[in-house]
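One-letter residues, chain by chain:
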Amino acid sequence: MSKNLVGNHIRKLRFNHNEMTQQQLADKVGVTRQTIVALEKGNYSPSLELAFRIAHAFHLPLEEVFFYGDDPTQ
Amino acid sequence: MTYQEKKSIVSLISAILIFGFYCLYMYPQYPGGGLESPEAFRFWGSFVLILTVVSIVAHIVISIIFNIVFRMTTREKEPNFADELDKLIDLKAFRNSFFVFVVGFLLAMGSLIIYQPLHVMFMILIISGFISDVTGSATKLYHYRRGV
């Protein structure tokens, strides 16, 4: 299975938000921990709705959580 | 390994064990005499119906035992809902499973066209049902481990 082109900074953002656990983020956005694991590994591109819910959970705009192609911060 | 991965593995193993033990149990009961006697048809009919019931009951029991063991060993509560990733993986698993069963069904019909005995048709149907079940679980395991 090829890696998805949609990347994210979820792991870093969790760490910066009081070391939020995967389970806590999952509960906040209404998915299972497995889905957060898959997102962090780059194994799954979320739906637009879930992407917005995750961005809202971190109080950030969508483009600061997700990126397309190469990581712009690198 | 997450809950869903473990559950897929348990489901895969239980499907193989249930089918294997059921076949071993039913094999000696195959009626003698003519291969296409009414008793043989009754045997195949009861084989499929009982397998369906046994399989559903065994899967429910195994699922309950698995959840209890999972809670005891990990002290984590199992997810009680399916999110968008679960639904997407379920759809892919169902697609593959359905495809395998349809191929098996067509092969079973093909066996009748080339004048194979009826028990060959029943065997192909039953085996394709089993392989489609295994394919569904294996697809879930693959996508939970490797992504979608």
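Reference entry: report on the structure contained in this document. In this text, all values refer to a predicted model and were calculated from it rather than measured experimentally. (Residues numbered from 1 in each chain as written. Chains lettered and ligands numbered in written order. Predicted model: local features only at pLDDT ≥ 70, side-chain atom pairs only at ≥ 80, totals over all residues. Heavy atoms only, no water.)

**Structural notes on a nonpolar patch on the surface**
Phase 1 of the analysis: A cluster of nonpolar side chains, namely Phe94, Phe98, Phe101, Val102, Phe105 and Leu106 of chain B, defines an oily patch on the protein surface of about 590 Å² accessible area.
Phase 2 of the analysis: Within the secondary structure layout, phenylalanine 105 of chain B lies in helix H3 (residues 84–113). (Patch = residues over 30% accessible without salt bridge, like charges linked within 9 Å, V, L, I, M, F, W, Y side chains within 5 Å. Areas by Shrake-Rupley, 256 points an atom, 1.4 Å probe, with all protein chains shown as cover. Salt bridge = Lys/Arg side-chain N within 4 Å of Asp/Glu carboxyl O. Helix = DSSP H or I, 4+ residues; strand = E, 2+ residues; numbered from the N terminus.)

**Section: the interface of chain B and chain A**
Phase 1 of the analysis: Listed by partner, the interface residues are 18 residues for chain B and 14 residues for chain A.
Phase 2 of the analysis: Both sides of the chain B and chain A interface together cover about 1,400 Å² of buried area, and 48% of this is carbon and sulfur.
Phase 3 of the analysis: It is Glu84, Leu85 and Val148 of chain B in chain B that bury the most area against chain A; as a group they hold 36% of the surface buried on that side.
Phase 4 of the analysis: Inspection of the region where chain B meets chain A yields one salt bridge.
Phase 5 of the analysis: For the side of chain B that touches chain A, the elements supplying multiple residues, two or more each, are helix H1 (3–26), H3 and helix H4 (118–146) of chain B.
Phase 6 of the analysis: Sort the elements by how many residues they give to the side of chain B that touches chain A and H4 of chain B lands first, with five residues.
Phase 7 of the analysis: For the side of chain B that touches chain A, a count of residues per class yields seven nonpolar, four polar and seven charged. (Contact = heavy atoms within 4.5 Å. Buried area = accessible area lost by both parts, 1.4 Å probe. Nonpolar A, V, L, I, M, F, W, Y, C, P; charged D, E, K, R; others polar.)

**Some words on the pattern of salt bridges**
Phase 1 of the analysis: Within the structure shown, the criterion is met by seven salt bridges over all chains.
Phase 2 of the analysis: The closest approach of N and O atoms between glutamate 40 of chain A and arginine 14 of chain A, which form a salt bridge, is 2.6 Å. Placement of glutamate 40 of chain A in helix H3 (residues 33–41) and of arginine 14 of chain A in helix H1 (residues 10–16) is noted, with a sequence separation of 26 residues between them. In this pair, the class of glutamate 40 of chain A matches that of arginine 14 of chain A, namely buried.
Phase 3 of the analysis: Here lysine 140 of chain B makes a salt bridge to aspartate 90 of chain B, at a shortest N to O gap of 3.4 Å. Of this pair, lysine 140 of chain B sits in helix H4 while aspartate 90 of chain B sits in helix H3, and the two are 50 residues apart along the sequence.
Phase 4 of the analysis: Taking the relative accessible area as the measure of exposure, lysine 140 of chain B reaches 30% and is therefore partly exposed. (Buried < 20%, exposed > 50% of the residue type's maximum accessible area, 1.4 Å probe, protein only.)

**Details of empty space enclosed by the protein**
Which parts of space are left empty comes out when a probe the size of a water molecule is rolled across the atoms.
Phase 1 of the analysis: According to the stated counting rule, one finds two cavities of 30 Å³ or more in the structure shown.
Phase 2 of the analysis: Within this model, the largest cavity holds a volume of roughly 60 Å³.
Phase 3 of the analysis: Taken together, Gln34, Val37, Ala38, Lys41 and Asn43 of chain A together with Glu5, Leu85, Ile89, His143, Tyr144, Gly147 and Val148 of chain B form the lining of the largest cavity.
Phase 4 of the analysis: Every element with two or more residues in the lining of the largest cavity is listed here: H3 of chain A together with H3 and H4 of chain B. (1 Å grid on protein atoms, 1.4 Å probe; cavity = no way out; pocket = protein on both sides within 12 Å on 5 of 7 lines; lining within 4 Å. Points joined across faces, edges and corners; volume = space filled by probe spheres on them.)

Geometric values such as these leave the question of function open.
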